[in-house]
Amino acid sequence: MASDELCWRSATELTAMIRRKTVSPVEVVEAVLARIERVNPRLGAYVTLTADQARRAARAAERAVMRKGARLGPLHGVPFSVKDVVGTRGVRTTFGTPLFRDNVPAEDAPMVARLQAAGAIMIGKTNTPTFGWLGATHNLLFATTRNPWHLDRTPGGSSGGASAAVAAGLGPLAVGTDGGGSIRIPAAFTGIVGYKPSYGRIPTYPASAAWSLSHIGPLTRTVADAALVLQVTAGPDERDPYSLPAAAADYAKRLGRGVKGLRVAYADDLGGGEPVDAEVGRVAARAARAFRDLGCRVESAAPGWPSSAECWYAIFCGGVATRLAPYRDRRADLEPGLLRLIDETLANPPTRFVEAWFERLAWWQHPRTFFEKYDLLVTPTVACPPFPIGLDHPAEVAGKPVAPYGWIPFTYPFNLTGQPAVSVPCGFTREGLPIGLQIVGRRFDDASVLQAAAAFERARPWANARPPE
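Because the structure is predicted, anything quoted here is derived from the model rather than measured. (Residues numbered from 1 in each chain as written. Predicted model: local features only at pLDDT ≥ 70, side-chain atom pairs only at ≥ 80, totals over all residues. Heavy atoms only, no water.)

(A) Structural detail: the layout of surface pockets. Taken as a whole, the largest pocket spans an internal volume of roughly 430 Å³. Looking at the lining of the largest pocket residue by residue, the class counts come to 15 nonpolar, ten polar and four charged. Of the pockets and cavities examined, the second largest pocket occupies roughly 370 Å³. Secondary-structure elements contributing two or more residues to the lining of the second largest pocket are helix H14 (352-363) and helix H16 (413-417). Here the residues of the lining of the second largest pocket sort into eight nonpolar, five polar and two charged. (1 Å grid on protein atoms, 1.4 Å probe; cavity = no way out; pocket = protein on both sides within 12 Å on 5 of 7 lines; lining within 4 Å. Points joined across faces, edges and corners; volume = space filled by probe spheres on them. Nonpolar A, V, L, I, M, F, W, Y, C, P; charged D, E, K, R; others polar. Helix = DSSP H or I, 4+ residues; strand = E, 2+ residues; numbered from the N terminus.)

Right, here's the structure in full:
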């Protein structure tokens with residue numbers, strides 16, 4: 001097999017090939033590193049490579065494969081990357097800012113440690129906007145990250161380096177974080193799978209700036225890979241007091257069960273009346289009809305929920321502004337838009353953050369009652385296609401002006417609720433830009449969300465779609 005072809009194999013496939021000794025972990029890691037060296041300079045997906053460390057780990061993994069009776073982990077020899085806001089022991093973690101350019105954590109985040117314990121091999125850190133504040137990926141420290149499908153467009157954010165890497169064949173697995181859509185937005189913009197587990201399903205440590213909103217999870221090319229990552233990384237950790245008890249579900253085994261009989265609602269407006277690009281809306285609505293063919297009871301729904309934008313904005317921006325407040329005097333090290341966010345947020349009355357928490361608790365009653373009727377909610381992931389690089393956000397959608405976060409009305413509400421949600425590829429615009437479909441489940445029902453995503457993947461496969469070289 002040509003080495004470059006290995007880069008397009010899923011983690012599930014690579015694990016099986018390594019166990020059968022069809023390919024060695026050394027070959028896989030070398031193939032991915034070679035492709036990164038060739039492709040990353042024009043994408044800007046990776047900001048730090050751990051090539052020497054990865055090669056040592058690959059040689060050790062190869063020796064284990066050849067040793068009779070050795071126990072191999074479920075991800076033995078498979079490369080993965082880590083977003084540069086997630087702690088990695090002995091490897092710099094900059095949070096996408098000059099303020100932390102030399103920061104080197106003393107310990108791994110729980111998800112990183114668990115992936116390595118499962119045999120996976122870290123190959124580097126991926127780009128992010130400063131503390132993940134944007135749905136695009138640029139900062140003052142590293143090169144702008146570009147979308148592999150169209151180099152003058154953003155791959156989304158804030159896990160944009162992760163999404164660009166996976167979409168371009170620079171590693172099958174990526175660790176991302178999501179405080180308002182930061183896994184799902186870039187997955188939609190680059191045509192891959194982005195899974196935001198239930199809040200606390202995968203423990204987070206240290207806490208994010210937007211701690212009560214922020215989830216950690218995988219970006220992959222297949223649903224099976226996302227389920228496998230969840231299987232090996234879910235479970236409590238004492239460092240995260242909000243981490244959930246271990247679930248009994250075997251996420252990977254549940255994928256083949258199908259979704260017949262599930263009650264599915266499709267909505268392109270949750271109630272706030274935000275505009276949706278016409279092409280995105282058409283493609284997503286057509287894709288949602290696949291669930292009817294799969295045996296689900298599908299209805300078009302108009303939830304009519306009051307907007308949660310101000311509530312989410314106050315909590316999200318309150319966390320980011322508070323984290324960065326000590327650095328306000330270093331204005332050259334902070335982007336103009338981020339400085340405005342910090343200054344405006346810190347000018348709020350001190351009770352605003354607490355008020356937003358009470359608003360959040362009250363707002364939860366709307367989706368709570370909705371999911372008493374429906375098992376799943378399906379929406380477009382993002383209201384618009386990928387926009388040009390260099391912009392913090394689009395100024396308008398469907399010809400109408402939108403607020404800075406007004407183009408992601410389908411993602412941030414489910415950071416407020418903590419519900420599991422996944423973005424899966426569902427088609428392309430006429431320009432050849434990916435469009436994502438979001439599937440949201442009941443609280444803690446990660447298994448059903450992944451099951452539905454896998455059923456959709458079988459009905460509308462996407463794994464063979466690759467961006468142009």
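Next comes the rest of the write-up.
(B) A look at the packing of aromatic side chains. Within this structure, the stated rule accounts for 22 aromatic pairs. Between Trp312 and Phe316, the ring centres sit 4.8 Å apart and the planes meet at 15°, which makes this aromatic pair stacked. Of this pair, Trp312 and Phe316 both sit in helix H12 (residues 309-324), four residues apart, which is roughly one turn of that helix. By the burial criterion, Trp312 is buried, and Phe316 matches it. Each ring, one from Phe387 and one from Trp407, has its centre 5.2 Å from the other, and the planes form 85°; the classification is edge-to-face. (Phe/Tyr/Trp six-rings, centres within 6.5 Å; stacked < 30°, edge-to-face > 60°. Buried < 20%, exposed > 50% of the residue type's maximum accessible area, 1.4 Å probe, protein only.)

(C) Local environment of a nonpolar patch on the surface. Taken together, the side chains of Phe353, Val354, Phe358 and Leu361 make up a nonpolar region of the molecular surface, amounting to roughly 400 Å² of accessible area. Within the secondary structure, Phe358 is located in helix H14. (Patch = residues over 30% accessible without salt bridge, like charges linked within 9 Å, V, L, I, M, F, W, Y side chains within 5 Å. Areas by Shrake-Rupley, 256 points an atom, 1.4 Å probe, with all protein chains shown as cover. Salt bridge = Lys/Arg side-chain N within 4 Å of Asp/Glu carboxyl O.)

(D) Quick look at the pattern of salt bridges. A full pass over the atoms with the stated rule returns 23 salt bridges. Residue Glu372 is joined to Arg368 by a salt bridge in which the shortest nitrogen-to-oxygen separation is 2.9 Å. Note that Glu372 and Arg368 are positioned in helix H15 (residues 365-373) at a spacing of four residues, about one turn of the helix. The structure contains a network of salt bridges with shared partners spanning Asp4, Arg35, Arg38 and Glu469.

(E) Spotlight on helix H13 (residues 336-346). Within H13 the residues assigned to the buried category are Gly337, Leu338, Leu339, Leu341, Ile342 and Thr345. Those residues of H13 that are buried are in contact with H12. (Contact = heavy atoms within 4.5 Å.)

(F) Inspection of the sheet that holds strand E1 (residues 46-49) at higher detail. With mixed pairing, the eleven strands of this open sheet are ordered in space as E1-E3-E2-E4-E6-E5-E12-E13-E9-E7-E8. Edge strands, defined here as strands with exactly one partner in the open sheet, are E1 and strand E8 (297-300). Shown here is a sheet whose adjacent strand axes are inclined to one another by a mean of 25°, direction ignored. Examined bridge by bridge, E1 and strand E3 (residues 121-126) share three bridges and lie antiparallel to one another. (Pairing = 2+ DSSP bridges. Axes fitted to C-alpha atoms, helices over the stretch in contact; angles between N-to-C directions.)

(G) Representation of the packing of helix H3 (residues 25-43) against helix H4 (residues 51-66) within the structure. Contact geometry of H3 with H4 gives a least axis separation of 7 Å together with a crossing angle of 155°. On the basis of their axis angle, the class for H3 and H4 is roughly antiparallel. Residue-level contacts link Pro25, Val26, Val29, Glu30 and Leu33 of H3 to Ala51, Ala54, Arg55, Ala58, Arg59, Ala61, Glu62 and Val65 of H4. Within the contact of H3 with H4, the residues separate by chemical class into nine nonpolar, no polar and four charged. (Parallel < 35°, antiparallel > 145°, perpendicular 65-115°, else oblique.)

(H) Just the environment of Ala165, in detail. Examined against the element boundaries, Ala165 turns out to sit in helix H6 (residues 160-167). Separated by 284 residues in the primary sequence, Ala165 and Val449 have C-alpha atoms spaced 24 Å apart. Once residues within four sequence positions are removed from consideration, Ala165 is found in contact with Ala45, Tyr46, Thr126, Leu170 and Gly171.

By themselves, these observations are geometric and do not establish any function.
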